[in-house]
Amino acid sequence: MALIPAVPVVAATTARLTVLPPIVRFRSTSLRRSSVLASLSSPPEAVDWVEATSSFFEQDTRPIMLFDGVCNLCNGGVKFVRDNDRQRRIRFEALQSEAGKNLLRRSGRAPDDISSVVLVEQNRSYIKSEAVLKIMEYIDLPFPQLAFFLHFVPLFVRDFVYENIADNRYAVFGRSESCEI
């Protein structure tokens, strides 16, 4: 029996192209090519999430820190930032709230993605260790200086450490039934 892989076909069109998984056929004697099934569908209504969430920054241009509202570590982090942000340069929103979900979409993330703290500025968003360092730049001394030195650690190392902490945050720090902030 010979395994004959399918070769995807790409068509240029203004409609949305939906490609289904290739069909692989087993043939013992004949070498026929299998095909990729594709169907054209009308594009879904595209939402410009930057425009849709621009009202968050019309009256108040301070960045918004998105955090996991049921994570004890995250709630502790928010309390820490509040205590060390005497000039109130950062606003807060739980990832699970409607506003948080919309700001996640604005940041190019899935609305149900609670895997990372996100800092949303008017023109840019930061995730994982970059968000933590950017938050440190906004709060009081000595954290901006510490953030400056931590930028010399390669991003893949910082994100590796961040992801390991984030993946184990419920097991180590626990979770609450609702957002405490």
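The coordinates are above.
Here the structure is a predicted model, which is why all the values come from computation and not from measurement.

*Asks:* An account of the overall build of the protein is requested, with residue identities and associated values reported.
*Replies:* Helix and strand counts for the protein come out as 7 helices and 8 strands. Buried positions account for 32% of the 181 residues belonging to the protein. Across the protein, contacts joining residues at least 24 apart in sequence account for 61% of those joining residues at least 6 apart. Counting every atom, the protein has about 11800 Å² of accessible surface; 57% of that belongs to carbon and sulfur.

*Asks:* Could you give an account of the sheet that holds strand 6 (residues 91–94), with specific residues and numbers?
*Replies:* Spatial ordering of the open sheet is given by 6-5-7-8, a layout of 4 strands whose pairing is mixed. Every other strand in the sheet has two partners, leaving strand 6 and strand 8 (125–127) as the edge strands with one partner each. Between one strand and the next, the sheet's axes are offset by a mean angle of 20°, whatever the strand orientation. When strand 5 (residues 64–67) meets strand 6, the two strands line up parallel, connected through 4 bridges. Within the sheet, the bridge partner assigned to Phe67 lies in strand 6 and is Ala94. Helix 2 (residues 72–83) rests against strand 5 and strand 6 of the sheet, and its axis sits at about 160° to strand 5. Contacts between helix 4 (residues 128–138) and the sheet are confined to strand 5, strand 7 (118–120) and strand 8, with strand 8 contributing the most and set at about 115° to the helix.

*Asks:* Now, about the layout of surface pockets: what can you tell me, with residues and values included?
*Replies:* In this model, the largest pocket occupies a volume close to 770 Å³. If you trace the largest pocket, you find 29 residues lining it, with Leu73, Val117, Val132, Tyr162 and Ile165 closest to the centre. Contributing elements (two or more residues each) for the lining of the largest pocket: strand 5, helix 2, helix 4, helix 5 (143–150) and helix 6 (155–167). Class assignment for the residues of the lining of the largest pocket results in 21 nonpolar, 5 polar and 3 charged.

*Asks:* Tell me what's going on with a nonpolar patch on the surface, and back it up with residues and numbers.
*Replies:* Where nonpolar side chains cluster on the molecular surface, the patch consists of Phe156, Val157, Phe160, Val161 and Ile165 and spans about 510 Å² of accessible area. Mapped onto the elements of the fold, Val161 is located in helix 6. Judged by relative accessible area, Val161 falls into the partly exposed class, the value being 44%.

*Asks:* So what's going on with helix 2? Which residues, and what values?
*Replies:* Given a rise of 1.5 Å per residue, 12 residues ought to cover 16 Å, and the 16 Å separating the end C-alpha atoms of helix 2 matches this to within 8%. When we look at burial in helix 2, the residues that qualify are Cys74, Asn75, Val78 and Val81. Relative to the axis of helix 2, the buried residues are bounded by an arc of 120° and lie together on one face. For helix 2, the elements touching its buried residues are strand 5, strand 6, helix 4 and helix 7 (169–173).

*Asks:* Could you give an account of the environment of Ser107, naming the residues involved and the relevant values?
*Replies:* Looking at the element boundaries, Ser107 is found in the loop between helix 3 (98–106) and strand 7. In this structure Ser107 comes out as buried when scored by relative accessible area, which is 19%. Placed 13 residues apart in sequence, Ser107 and Val120 show a C-alpha to C-alpha distance of 7.3 Å. Other than its neighbours up to four places away in sequence, Ser107 contacts Val118, Val120 and Ser125. Within the structure, the side chain of Ser107 is placed 2.8 Å from the side chain of Ser125, a separation counted as a polar contact.

The rules behind these values
Residues numbered from 1 in each chain as written. Predicted model: local features only at pLDDT ≥ 70, side-chain atom pairs only at ≥ 80, totals over all residues. Heavy atoms only, no water. Helix = DSSP H or I, 4+ residues; strand = E, 2+ residues; numbered from the N terminus. Buried < 20%, exposed > 50% of the residue type's maximum accessible area, 1.4 Å probe, protein only. Contact = heavy atoms within 4.5 Å. Areas by Shrake-Rupley, 256 points an atom, 1.4 Å probe, with all protein chains shown as cover. Pairing = 2+ DSSP bridges. Axes fitted to C-alpha atoms, helices over the stretch in contact; angles between N-to-C directions. 1 Å grid on protein atoms, 1.4 Å probe; cavity = no way out; pocket = protein on both sides within 12 Å on 5 of 7 lines; lining within 4 Å. Points joined across faces, edges and corners; volume = space filled by probe spheres on them. Nonpolar A, V, L, I, M, F, W, Y, C, P; charged D, E, K, R; others polar. Patch = residues over 30% accessible without salt bridge, like charges linked within 9 Å, V, L, I, M, F, W, Y side chains within 5 Å. Salt bridge = Lys/Arg side-chain N within 4 Å of Asp/Glu carboxyl O. Expected span 1.5 Å × (residues − 1). Arc of directions from axis to C-beta. Polar contact = N/O pair within 3.5 Å; in protein donor to acceptor, adjacent residues only side chain to side chain.

Fair warning: the whole summary comes from geometry, so function is off the table for now.
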